[in-house]
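Reading the structure
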Amino acid sequence: MTSPTAAAPALATGSTREQILAVARGFIETRSYLGFSFQDVADAVGVRKASLYHHFPSKEALGIAVIRAATQGFKDWDAARAREPKDALESYFRMYRNTLNAGSGICPAGALAPGWDVINDELREAVRELRSTQVTWLTGVLGALMPARKKGASVASLAAYVFSSCQGALLSARMTGRVDEFDEAIAQLRSSLPG
């Protein structure tokens with residue numbers, strides 16, 4: 001499954017488990033969930049494939065751990081910042097651009113969408129939880145930016161639209177390899193939002 005042009009993610013420091021998670025996340029963001037094997041992870045971490053099973057009984061368990069860590073990472077990112085709603089939204093766009101490496105990577109949850117019908121239910125639920133966490137957060141931020149007369153069910157729909165637009169902008173930038181592709185899409189999105 002290894003492509004000569006698809007380099008392994010940089011090896012993280014920390015425990016073997018943390019290294020496995022970091023390498024798997026890098027593969028998911030650049031190759032997709034279906035684009036790497038346990039052997040690819042073992043090779044990148046520098047352990048035997050059998051050693052991976054000590055930490056994760058299956059590739060699905062590894063994928064679930066990566067997505068749950070991403071969900072917790074988002075929650076930690078939010079908790080570490082006290083911002084006004086407009087600044088929070090801008091920070092969200094920057095997080096997508098910089099943390100998710102616009103132009104060279106995609107969101108780990110979004111990377112599972114192409115194989116949606118072949119991943120197990122628990123992995124799909126982990127992806128849905130990450131999406132729900134972000135959409136709920138966006139609903140609060142956008143709700144604070146919208147005039148009271150426009151609030152209601154439309155805020156949740158707008159939040160889902162912002163999430164989807166960010167995912168699509170990452171995907172488009174990945175296809176072209178151009179960060180400015182992401183920036184241009186977000187500029188259009190920004191101009192359509194309240195506040």
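1. Considering the overall build of the chain
What the chain contains, in helices and strands, is eight helices and zero strands. When the 195 residues of the chain are sorted by exposure, 43% land in the buried category. Taking all contacts inside the chain whose residues are at least 6 apart in sequence as the whole, residues at least 24 apart take part in 66%. When the accessible surface of the chain is summed, it comes to about 9800 Å², and 53% of that surface belongs to carbon and sulfur atoms.

2. So, the pattern of salt bridges
Tallying each qualifying case throughout the model produces eleven salt bridges. A salt bridge links Arg25 to Glu29; the shortest N-O distance between them is 2.5 Å. In this pair, Arg25 and Glu29 both sit in helix H1 (residues 16-31), four residues apart, roughly one turn of the helix. A relative accessible area of 25% places Arg25 in the partly exposed class.

3. Quick word on the side chain of Ser91
In this fold, Ser91 is placed in helix H5 (residues 85-99). Apart from the residues within four sequence positions on either side, Ser91 is in contact with Trp77, Arg81 and Arg83.

4. Topic: the environment of Thr71
Tracing the chain through its elements places Thr71 in helix H4 (residues 59-79). The sequence separation of Thr71 and Val127 amounts to 56 residues, and the corresponding C-alpha distance is 8.7 Å. Not counting residues within four places of it along the chain, the set of residues in contact with Thr71 comprises Ala126, Glu129, Leu130 and Thr133.

5. Observations regarding the environment of Val141
Mapped onto the elements of the fold, Val141 is located in helix H6 (residues 121-145). Along the chain, Val141 and Val155 lie 14 residues apart, while their C-alpha atoms are 9.4 Å from each other.

6. As for the confidence of the model for the chain
Caution is warranted with low-pLDDT regions, since their predicted coordinates should not be read in detail. Taken as a whole, the chain shows an average pLDDT of 89; of its residues, 89% reach a score of 70 or greater. Considering only residues more than four positions removed or in separate chains, one finds that residues 1-8, a stretch of pLDDT under 50, has 14 contacts.

7. Quick word on the packing of aromatic side chains
All chains considered together, the criterion is met by eleven aromatic pairs. Three or more aromatic residues joined by ring pairs form one cluster here, namely Phe74, Trp77, Tyr92, Phe93, Tyr96 and Trp137. Here the guanidinium or amino end of Lys59 rests over the ring plane of Tyr33, the centre of that ring lying 4.6 Å away. Above the ring of Phe36, the side-chain terminus of Lys59 is found at 4.4 Å from the ring centroid.

8. Description of the packing of H1 against helix H2 (residues 38-45)
Across the interface, H1 lies against H2 with an axial gap of 9 Å and an inter-helix angle of 125 degrees. On the basis of the axis angle, H1 is oblique to H2. Considering how the two elements wind past one another, H1 and H2 form a crossing that is right-handed. Across the interface between the two elements, Gln19, Ile20, Val23, Phe27 and Arg31 from H1 touch Asp40, Val41, Ala44 and Val45 from H2. Per-class residue counts for the contact of H1 with H2 are six nonpolar, one polar and two charged.

9. Brief notes about H2
In an α-helix, one full turn covers 3.6 residues, which means residues spaced three or four apart are oriented alike. With six of eight residues buried, H2 lies mostly within the body of the structure. Looking only at H2, the buried set comprises Phe38, Asp40, Val41, Ala42, Ala44 and Val45. Buried-residue contacts for H2 involve H1, helix H3 (49-55) and H4. Taking the backbone nitrogen of Gln39 as reference, a side-chain oxygen 3.2 Å away marks Ser37 as the first, capping residue of H2. Gly46 sits one or two positions beyond H2 and adopts a positive phi of about 90 degrees.

10. Comments concerning unusual backbone geometry
Working note: non-glycine residues mostly have negative phi, and peptide bonds are mostly trans. With phi around 85 degrees, Ser32 is a residue other than glycine that occupies positive phi space. By secondary structure assignment, the location of Ser32 is in the loop between H1 and H2.

Rules used throughout
- Residues numbered from 1 in each chain as written.
- Predicted model: local features only at pLDDT ≥ 70, side-chain atom pairs only at ≥ 80, totals over all residues.
- Heavy atoms only, no water.
- Helix = DSSP H or I, 4+ residues; strand = E, 2+ residues; numbered from the N terminus.
- Buried < 20%, exposed > 50% of the residue type's maximum accessible area, 1.4 Å probe, protein only.
- Contact = heavy atoms within 4.5 Å.
- Areas by Shrake-Rupley, 256 points an atom, 1.4 Å probe, with all protein chains shown as cover.
- Salt bridge = Lys/Arg side-chain N within 4 Å of Asp/Glu carboxyl O.
- pLDDT = per-residue confidence, 0-100.
- Phe/Tyr/Trp six-rings, centres within 6.5 Å; stacked < 30°, edge-to-face > 60°.
- Lys NZ or Arg CZ within 6 Å of the ring centre and 35° of its normal.
- Axes fitted to C-alpha atoms, helices over the stretch in contact; angles between N-to-C directions.
- Parallel < 35°, antiparallel > 145°, perpendicular 65-115°, else oblique.
- Left-handed = near helix turned anticlockwise from the far one by under 90°.
- Nonpolar A, V, L, I, M, F, W, Y, C, P; charged D, E, K, R; others polar.
- Polar contact = N/O pair within 3.5 Å; in protein donor to acceptor, adjacent residues only side chain to side chain.

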